[in-house]
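Survey of secondary and tertiary structure
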Amino acid sequence: MQITVRASRADDYKDLYDVYTCAGVMRNTAGLPHVSLDYWRERTATATPGQHVLVAETDGRVVASINLHCGRNRMSHTASFGMGVHDDFQGQGIGRSLMEAMLDLAERWLNIKRIELQVYTDNEPAIALYT
């Protein structure tokens with residue numbers, strides 16, 4: 001399986017909806033269930049200052065994304081992130097590929113010095129990835 005990491009595009013909204021409505025992703029994020037497809041269409045069409053969204057694509061389908069949220073003003077050296085990998089594609093190195101691309105962007109291009117992360121204590125696959 002070939003994985004391509006790239007910037008998110010507005011037309012990714014259907015695939016991102018599929019990712020973030022998976023049971024495993026919902027269980028391990030702070031997202032709300034029953035979010036509409038229109039929500040994802042609007043979210044991907046609108047750029048938010050300080051936010052960088054990367055997606056992982058395989059066979060023409062977006063199967064994961066990572067969102068880097070950069071701090072502003074005196075916190076401009078900081079960032080936080082959230083990630084989701086479609087249930088059917090977990091454990092295949094996609095999360096690691098996204099993490100490496102995000103860290104490269106943060107450290108080499110955005111001058112981020114501190115990255116904050118919140119993870120649920122029972123999300124063992126994420127803890128294994130982040131350590």
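See above for the structure.
First things first, this report covers the structure right here in the doc. (Residues numbered from 1 in each chain as written. Predicted model: local features only at pLDDT ≥ 70, side-chain atom pairs only at ≥ 80, totals over all residues. Heavy atoms only, no water.)

Our next topic: the overall build of the protein chain. Broken down by element type, the protein chain carries five helices and five strands. If you list the helices and strands of the protein chain from N to C, you get β-α-α-α-β-β-β-α-β-α. For the protein chain, whose C-alpha radius of gyration is 14 Å, the value lies close to the compact-globule estimate of 14 Å for 131 residues. Considered along the principal axes of its C-alpha atoms, the protein chain spans approximately 35 × 30 × 30 Å. The burial tally for the protein chain puts 33% of its 131 residues in the buried class. A fraction of 62% describes how many contacts in the protein chain between residues 6 or more apart in sequence connect residues 24 or more apart. Total accessible area computed for the protein chain in this model is approximately 8300 Å², and 49% of it derives from carbon and sulfur atoms. Each charge class in the protein chain was averaged separately, 13 positive and 16 negative side chains, and the resulting centres sit 7 Å apart. (Helix = DSSP H or I, 4+ residues; strand = E, 2+ residues; numbered from the N terminus. Rg over C-alpha atoms; globule rule 2.2 N^0.38 Å. Buried < 20%, exposed > 50% of the residue type's maximum accessible area, 1.4 Å probe, protein only. Contact = heavy atoms within 4.5 Å. Areas by Shrake-Rupley, 256 points an atom, 1.4 Å probe, with all protein chains shown as cover. Lys, Arg positive; Asp, Glu negative; His and termini not counted. Charge placed at Lys NZ, Arg CZ, Asp CG, Glu CD.)

Enumeration over the complete set of coordinates arrives at five salt bridges. In this structure, the salt-bridge partner of aspartate 38 is arginine 41, at a minimum N-O distance of 2.5 Å. One end of the pair is aspartate 38 and the other is arginine 41, both in helix H3 (residues 37–45) and three residues apart, which spans about a single turn. Among the residues examined, aspartate 38 registers a relative accessible area of 48% and is labelled partly exposed. Judged by its relative accessible area of 36%, arginine 41 is partly exposed. Of the charged contacts in the structure, one is a salt bridge between arginine 108 and aspartate 104, with a shortest N-O distance of 3.0 Å. In this pair, arginine 108 and aspartate 104 are both assigned in helix H4 (residues 94–109), four residues apart and thus about one turn of the helix distant. Here aspartate 104 falls in the partly exposed class, since its relative accessible area comes to 29%. (Salt bridge = Lys/Arg side-chain N within 4 Å of Asp/Glu carboxyl O.)

Turning our eyes to something else, we now look at unusual backbone geometry. Its identity is not glycine, yet histidine 34 carries a phi of approximately 65°, on the positive side. Summarising the element assignment, histidine 34 is placed in the loop between helix H2 (23–27) and H3. The phi angle at aspartate 59 is positive, at roughly 50°, despite the residue not being glycine. Looking at the secondary structure, you find aspartate 59 in the loop between strand S2 (51–58) and strand S3 (61–70). On the basis of relative accessibility, which here comes to 79%, the residue aspartate 59 falls in the exposed class.

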